[in-house]
Structure formats: C-alpha cells, structure tokens
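# Coordinate analysis (summary)
What follows is each chain in one-letter form.
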Amino acid sequence: MELEPLYQIKVTCSHCQNEFSTSRVRPSFKRASRTDTDFCSYYQKENPDYYVVRICPSCGFASTENSLERLNDRQKLKFQEAIGSRFSQRDYGGKRDWDTALETYKLALICAQTIGEKDRIIASLLHHIAWLYRYQSNREQEKRFMEFALEAYIRVFENEGVGGNDARLMYLIGELHRRVENYNDAVKWFARVINDKKIMDAAMIRASREQWALLREEMLNGGHELPEEMQS
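In this report, we go over the structure that sits alongside the text.

Conventions adopted
- All chains use their own residue numbering, which begins from 1 and follows the written sequence.
- In keeping with the predicted nature of the model, local features appear solely for residues at pLDDT of at least 70, side-chain atom pairs appear and are counted solely at 80 or more, and the whole-chain, interface and lining totals rest on all residues.
- Water and hydrogen atoms play no part in the side-chain values, which are based on all heavy atoms of the structure.
- Put simply, DSSP H or I for four residues or longer makes a helix, DSSP E for two residues or longer makes a strand, and each gets a number counted from the N terminus.
- Relative accessibility thresholds used throughout: buried, under 20% of the residue-type maximum; exposed, over 50%; partly exposed, between the two (1.4 Å probe, protein chains only).
- Working rule for contacts: check all heavy atoms of both residues, and any pair within 4.5 Å makes them a contact.
- The accessible surface values rely on the Shrake-Rupley method and a 1.4 Å probe; as for residues, cover is taken only from the protein chains in view.
- Counted charges follow a simple rule, with Lys and Arg positive, Asp and Glu negative, and His plus the chain ends left uncounted.
- Where a charge lies is defined by one atom per residue type, namely NZ (Lys), CZ (Arg), CG (Asp) and CD (Glu).
- Any carboxyl oxygen of Asp or Glu that lies within 4 Å of a side-chain nitrogen of Lys or Arg is treated as forming a salt bridge with it.
- Every helix has an expected span of 1.5 Å times one less than the residues it contains.
- At least two DSSP bridges between two strands are required for those strands to pair.
- Note on geometry: axes are lines fitted to C-alpha atoms, helical ones only across the stretch in contact, with angles between N-to-C directions running from 0 to 180 degrees.
- Here is the rule for angles: anything less than 35 degrees is roughly parallel, anything more than 145 is roughly antiparallel, 65 through 115 is roughly perpendicular, and the remaining ranges are oblique.
- The sense of a crossing depends on the near helix, which, turned anticlockwise from the far helix by less than a right angle, makes the crossing left-handed and, turned clockwise, makes it right-handed.
- Put simply, Ala, Val, Leu, Ile, Met, Phe, Trp, Tyr, Cys and Pro go in the nonpolar bin, Asp, Glu, Lys and Arg in the charged bin, and everything else, Gly too, in the polar bin.
- What counts as a ring pair is set by centres within 6.5 Å for rings of Phe, Tyr and Trp (its six-membered ring), and what kind of pair is set by the plane angle: stacked under 30 degrees, edge-to-face over 60, tilted for all other angles.
- A ring is scored as having a charge over it whenever the NZ atom of a lysine or the CZ atom of an arginine sits within 6 Å of its centre and within 35 degrees of its normal.
- As used here, the term nonpolar core means buried Ala, Val, Leu, Ile, Met, Phe, Trp, Tyr and Cys residues forming a set that is joined through side-chain atoms within 4.5 Å.

Turning to the overall build of the protein chain, a few remarks are in order. Along the protein chain, the regular secondary structure elements total 7 helices and 6 strands. For the protein chain, the sequential pattern of α-helices and β-strands runs β-β-β-β-β-β-α-α-α-α-α-α-α. Considering the protein chain as a whole, with its 232 residues, one finds that 49% of them fall into the buried category. The long-range fraction of contacts in the protein chain, counting pairs at least 24 apart against all pairs at least 6 apart in sequence, stands at 58%. Only carbon and sulfur atoms are counted for the fraction: they give 46% of the accessible area of the protein chain, which is about 12700 Å². Across the protein chain, the mean location of the 34 positive side-chain charges is 4 Å away from that of the 35 negative side-chain charges.

The following block contains the structure:
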C-alpha cells in the first residue's frame, strides 16, 4: 500500500492552549523538482509550503513552528480584539489547495503583525506569499509581496546584527532586489557577500557570484548604466 503524502501532527495553540491536529507532508515526499534562486521550490505532488501555517480551529490563531510558543496577556488581548472576535470556527487541518494555502498565510501574517512577532517570521511569511503568487504567474502580486519581504529582511539584517550565517540573508536581500529590478541595490548586496573576508559560506559566495554575472547581463541587455564595481 502506497503511503499518503500527508500525515497529522498535534499542535498546542499559542493563544488559547487548545490542542489541535494539522497536516504535514511526509519527508519522503519533500523532494523538489526544481528550486528558484530565492529558494522557492516546486513539487510534483503535495507542496510542503502549503502546510507551514497552523491555524487553531477554536480561536483562529495562525502561526508557524518558529512562532512564539505562548502569547503574553497584551498579545492575547490584541489578537482577540483584531482577529479572534471575528473568527468563525473553521478547521484547516486537512488537505489544502492553493487558495486555502494563501488564506492561511495571510491570516498568519495578520496575526504576526498584530502581536508584534519578530521581523524574521514576518519576512518569511511575506516571501512565502510572493512564492504562492509566483506559482500562479501573478507577477504584479508576486512583486508586491517580494518588495514587502525585502523591507522586512533588511530590518532583520539591521536589527539582529551580522551573525555567522548572515551570508544567506545578505544574498537573499541582493536576489530580491534583483527580482524587483532594484539593480544598483542588488549589486551592493552581492558585492558584500563576495568581498567580505569574514564570510565563509562558500555556497552563498558562489550563488552571489552567479547572480552578479546574471545581473550584469540583465543590466546590459536592458540598457542600464553599469555601476563602477561592474565595469572592470
């Protein structure tokens, strides 16, 4: 008998402490058929990204496994006033299609913004929403959410300081700048990854070099003036 791609896990709600079930994709089904340069993955069967958000069916609080485990009283009050009081009970625990996935991410985003969740969580939610629109070839909304994600990732970089694993974040900021056509900003961020002697992340240095070359080509083809760093 062939395994089903989905299985259920139990989760405790950070807001009301209710225990509920939500679906996940089995690890053996998580092989991506391809991945974009900003880490957006494509799957032949169930897309694990559709199941990242967990929504409590009794109060409507939406979170991910990286969200806060428990809300404080002030956060509970804010959530209840803004979202909980209007939530009509619904179970998101089963199979999800694209529309349901988008709904869960947007609810998680509103919850995160309402309770003042970390920028890293908010940036990731915004970026995932951009990917969902990319799957549908909705370039306008994809670009809109990439721009929001970019602002949030830059806040993460500025507020959390430069850690040893920040090469990935710097690369991602450069790549999102390239994708929304902020070419000069993209050049600066890729250059930081390539030239910073403290960065030891070989994969991100290589990725930054590859995107730098692609960016140079895009700028030349689009008739953009190359910045000084690119002229040699």
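What follows picks up the thread again.
A word on unusual backbone geometry. Despite not being glycine, Gln-17 shows a phi value in the positive range, around 65 degrees. On the accessibility criterion, Gln-17 (29% relative accessible area) is partly exposed.

So, about the pattern of salt bridges. A pair can form between side chains of opposite charge whenever their charged atoms are brought close. This structure, assessed with the given rule, holds 15 salt bridges. Across the salt bridge formed by Arg-120 and Glu-160, the nearest N and O atoms sit 3.1 Å from each other. Linking Arg-120 in helix H3 (residues 119-135) with Glu-160 in helix H4 (residues 139-160), this pair joins segments that are 40 residues apart in sequence. Residue Arg-120 is classed as partly exposed on the basis of its relative accessible area, which comes to 37%. Judged by relative accessible area, which is 42%, Glu-160 ranks as partly exposed. Residue Glu-142 is joined to Arg-139 by a salt bridge in which the shortest nitrogen-to-oxygen separation is 3.9 Å. Residue Glu-142 and its partner Arg-139 are both found in helix H4; the two are separated by 3 residues, about one turn of the helix. Assessed through its relative accessible area of 7%, Glu-142 is described here as buried.

Since the α-helix packs 3.6 residues into each turn, any two residues three or four apart lie on the same face. For H4, with 22 residues, the first-to-last C-alpha span of 31 Å sits near the 32 Å given by 1.5 Å per residue. Elements in contact with the buried residues of H4: helix H2 (98-115), H3, helix H5 (166-179) and helix H6 (183-195).

In terms of burial, strand E2 (residues 19-25) is largely enclosed, as 5 of its 7 residues are buried. One ladder, built from 7 bridges, connects strand E1 (residues 6-12) with E2; its direction is antiparallel. In the strand pairing of E2, Val-11 is matched with Phe-20.

Attention shifts here to the packing of H5 against H6. Where H5 meets H6, the closest approach of the two axes is 7 Å, and the angle between their N-to-C directions is 160 degrees. When the axes of H5 and H6 are compared, the pair comes out roughly antiparallel. Between H5 and H6 the crossing geometry is left-handed. Across the interface between the two elements, Ala-167, Met-170, Tyr-171, Ile-173, Gly-174, Glu-175, His-177 and Arg-178 from H5 touch Tyr-183, Asp-185, Ala-186, Trp-189, Phe-190, Arg-192 and Val-193 from H6. Residues belonging to the contact of H5 with H6 are distributed by class as follows: 9 nonpolar, 2 polar and 4 charged.

An ideal rise of 1.5 Å per residue puts 28 Å on 20 residues; helix H7 (residues 202-221) measures up with 29 Å between its terminal C-alpha atoms. Positive backbone phi, at 75 degrees, marks Gly-223, one or two positions downstream of H7.

Let us look at the packing of aromatic side chains. The full count for this structure, using the stated rule, is 8 aromatic pairs. Summarising the aromatic geometry, the rings of Phe-145 and Phe-148 are spaced 5.5 Å apart at their centres and angled 85 degrees between planes, so their arrangement reads as edge-to-face. Highlighted residues: Phe-145 and Phe-148, both in helix H4, separated by 3 residues, approximately one helical turn. Phe-145 gets classed as buried once you look at its relative accessible area, which sits at 6%. Site record: aromatic cluster; members linked through ring pairs are Trp-98, Tyr-133, Phe-145 and Phe-148. A cation sits over an aromatic face here: Arg-192 above Trp-189, 4.4 Å from the ring centre.

The next subject is the nonpolar core. Nonpolar side chains tend to gather and get buried jointly when the protein is soluble and globular. By size, the foremost hydrophobic cluster in this structure holds 71 residues, and its most contacted members are Phe-61, Leu-125, Tyr-153 and Leu-215. Sorting the residues of this core by element identifies E1, E2, H2, H3, H4, H5, H6 and H7 as the ones contributing at least two each. Counting residues per element, this core draws most heavily on H2, which supplies 10 residues. Among all residues touching Tyr-153, those that are not within four sequence positions of it are Ala-123, Ser-124, His-127, Leu-169, Leu-172, Ile-173 and Leu-176.

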